[in-house]
Amino acid sequence: MSEPFHFYTQAHLVRLLGMKAKNPVELLEGIRTVPVSSIYYHTHRFLQQHHYLSPEPPNDFAYWLTSILGMQEWGEAVASVDVIQYRDLEHLRSRLEAVLSGYLAKGGYLAQAPEGHEFHFVSCVTVITPTPYIAHDAAQFLEALRRVSINSIYFHVFEARLRLKNNGNDFTLWFQGLGKEKLAAELSRLDPYTITLEGLRKKIIKLVSRYA
Amino acid sequence: MPDIAEYIPIVGQSTIDELYILAGNLKGKMIQNINSTAVGGGVAEILSRMIPLLRQFGVDAHWDVIKGNERFFEITKKMHNALHGARATLTDDDFEFFLQVNRQNAAELERYGDVVFVHDPQPIGLIERKEELGRKWVWRCHIDFTHPDPQVIQFLEAYINQYDSAVFSAPAFSRKLNIPQALISPSIDPLSDKNKDLPPELIDSILERYNLDRTRPIVTQISRFDYLKDPVGVIEVYKMVKKNVDCQLVLAGGGATDDPEGMQVLEEVKAAAAEDPDVHILFLPPSSDIEINALQRASTVVLQKSLREGFGLTVAEALWKERPVIASAVGGIPLQIAHKYSGILTYSKEGTAHFLKQLLNEPKYAARLGANGREHIRNNYLITRHIRDYLLLFISLFHEGDIIYLN
């Protein structure tokens, strides 16, 4: 008998680091030196703060390069770093560094942010708490999934797989444990970064209803 | 004061459930807020709504107010202005007197919470008792700290650095400090008079009172008559747009009648309007929250063309009413608007006029911005998020590390 699935939820307290960048060189320097929780926050913030939007705005670095500095090409390059590929945030940091270094090496014009529009590096403290929802089987899982907050879905899909260096997402692992290989495979194929959290909830409900 | 349950239809049951879970982790901890005024001003307004709600969640929250005489408040007023960038004219005697009043209050306070949550500079010196009392101490800065006077900030930093944590409202206000700093933005209360839903007939009657024509677009800016809100610039924008789109402009706000600058700005605004019947200048008395609410709800587009801004919560108010907003990218406004996703950020009169024409001519696009804006405010700038952040802050004081697991 597999362990029941206990739904957890999480919330972030944003920490200010007192560090800012005025141009792409300083942005790169910041990306190199900030705590890894800052890389996490700046590449994932939009997922929660703008989770109703699809397509979502890009990560904070890309948004700043494009919308504040007007460096469209750089912004696009940073926006297209495929966050889902990176289960280790240090690898994601290295990729962002490589993209920015590549552009810097080409030389050319570097925009400066006007005063008041600098990039401010922040990080976060994540507080994780259990919810009252526990599922022993697929039917209970579906029932709970309909009721939990999007923060809980976020925790089990994004937080678990990336920040906590978990292998896959929690839902995939649990259904694997139940022997639902087909469902687990379908769940692991989801690209949660290109869908709203409510859209993700609906998609998971559909998959579980179909395969469990 | 609203019951917590009244927020459920607005933010969802699961959001409220999670606040109860977080609050449950503060059982047995007394949270003591301390500021310098019980009425008037933004801090008192926030605390008067926040404390009853925290208590409904089961948090043992309290609010104490320090005492000071006229000289003390003259000094703190100067400090306040200096933190906003004005030149300080404070003497060593002033700083000494400021500390004396703080020490007297520290001695007279009848209780100290497990968390002592000190708001703004006035009571900052209470921290001198930390060594003797222990407890967790947090300093909450509600003001714009972007260009503080060096003398005042140097004096204050010696005290700020003794706290366990500091809290600022926007990233630009953070500084290099020796203690952790949290970002906690202000919020609006969706159930307050300024933001609650209004019956259509009430909105109609208010518009009728101000002779506004509901069959033509209404462009509104709600703000004090203050140079920093650039009301004359808004009229210039209106004139650029009016050539192509038949619209009305509403400039509505209050201001103290004994504020000579406010009156001067009002006169300049009237002169700029040049008796255009489609420019409505409304000098509203205090407690016009329902009228402001109705004007925002009836607007086709809301502007906030400020030259400088603290956080700019009027933007959140308009977005909450699903209005498309065009606002200057200053102060806390870029936190509230993601450009072209949940509103428009501009840098000039010409840019504002360009986007205003676009939104008036493309109502579907404008509606999408408004709808996204409302969701952004729902998720990030309502009082329930503010409560969540405070709960997380208090919890974080009793735990180490970036990831905190609670049972």
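Note that this is a predicted model, so its numbers are computed, not measured. (Residues numbered from 1 in each chain as written. Chains lettered and ligands numbered in written order. Predicted model: local features only at pLDDT ≥ 70, side-chain atom pairs only at ≥ 80, totals over all residues. Heavy atoms only, no water.)

## Focus on the overall build of chain A
Thinking step 1. In terms of helices and strands, chain A carries ten helices and two strands.
Thinking step 2. Dimensions of chain A, computed from the C-alpha atoms along their principal axes, are close to 60 × 30 × 25 Å.
Thinking step 3. Looking at chain A as a whole, 58% of its 212 residues qualify as buried.
Thinking step 4. Pairs at least 24 apart in sequence give 76% of the contacts found in chain A among residues at least 6 apart.
Thinking step 5. Surface accessibility of chain A: about 8900 Å² in total, with carbon and sulfur atoms responsible for 51%.
Thinking step 6. Of the side-chain charges in chain A, 22 are positive and 21 negative, and the distance between the mean point of each set is 4 Å. (Helix = DSSP H or I, 4+ residues; strand = E, 2+ residues; numbered from the N terminus. Buried < 20%, exposed > 50% of the residue type's maximum accessible area, 1.4 Å probe, protein only. Contact = heavy atoms within 4.5 Å. Areas by Shrake-Rupley, 256 points an atom, 1.4 Å probe, with all protein chains shown as cover. Lys, Arg positive; Asp, Glu negative; His and termini not counted. Charge placed at Lys NZ, Arg CZ, Asp CG, Glu CD.)

## Side note on the interface of chain B and chain A
Thinking step 1. If you look at the interface, chain B gives 45 residues, while chain A gives 41 residues.
Thinking step 2. Interface area, chain B with chain A, both sides summed: about 3400 Å², of which 61% is carbon and sulfur.
Thinking step 3. Sorting the residues of chain B by area buried against chain A places Glu18(B), Tyr341(B) and Asp402(B) first, and these three jointly supply 16% of that buried surface.
Thinking step 4. Counting across the chain B and chain A interface gives zero salt bridges.
Thinking step 5. Taken together, the connections running from chain B to chain A amount to 13 residue pairs in polar contact (both at pLDDT 80 or more).
Thinking step 6. Secondary structure elements with two or more residues in the side of chain B that touches chain A: helix 2 (13-24), strand 5 (165-168), strand 6 (181-183), helix 15 (363-380), helix 16 (383-396) and strand 13 (403-405) of chain B.
Thinking step 7. For the side of chain B that touches chain A, the residue count by class is 22 nonpolar, 15 polar and eight charged.
Thinking step 8. Bridge count between strand 2 (residues 119-135) of chain A and strand 13 of chain B: three bridges; the pairing is parallel. (Buried area = accessible area lost by both parts, 1.4 Å probe. Salt bridge = Lys/Arg side-chain N within 4 Å of Asp/Glu carboxyl O. Polar contact = N/O pair within 3.5 Å; in protein donor to acceptor, adjacent residues only side chain to side chain. Nonpolar A, V, L, I, M, F, W, Y, C, P; charged D, E, K, R; others polar. Pairing = 2+ DSSP bridges.)

## Some thoughts on the nonpolar core
Thinking step 1. Ranked by internal contacts, the top residues of the largest apolar core, which has 106 residues, are Leu27(A), Phe141(A), Ile204(A) and Phe145(B).
Thinking step 2. Beyond its immediate chain neighbours, meaning those up to four positions away, Leu27(A) contacts Ala21(A), Phe61(A), Trp64(A), Leu65(A), Leu100(A), Phe119(A) and Phe121(A).
Thinking step 3. Membership of the second largest hydrophobic core comes to 61 residues, among which are Val43(B), Phe57(B), Ile333(B) and Ile383(B). (Core = buried A, V, L, I, M, F, W, Y, C linked by side-chain atoms within 4.5 Å.)

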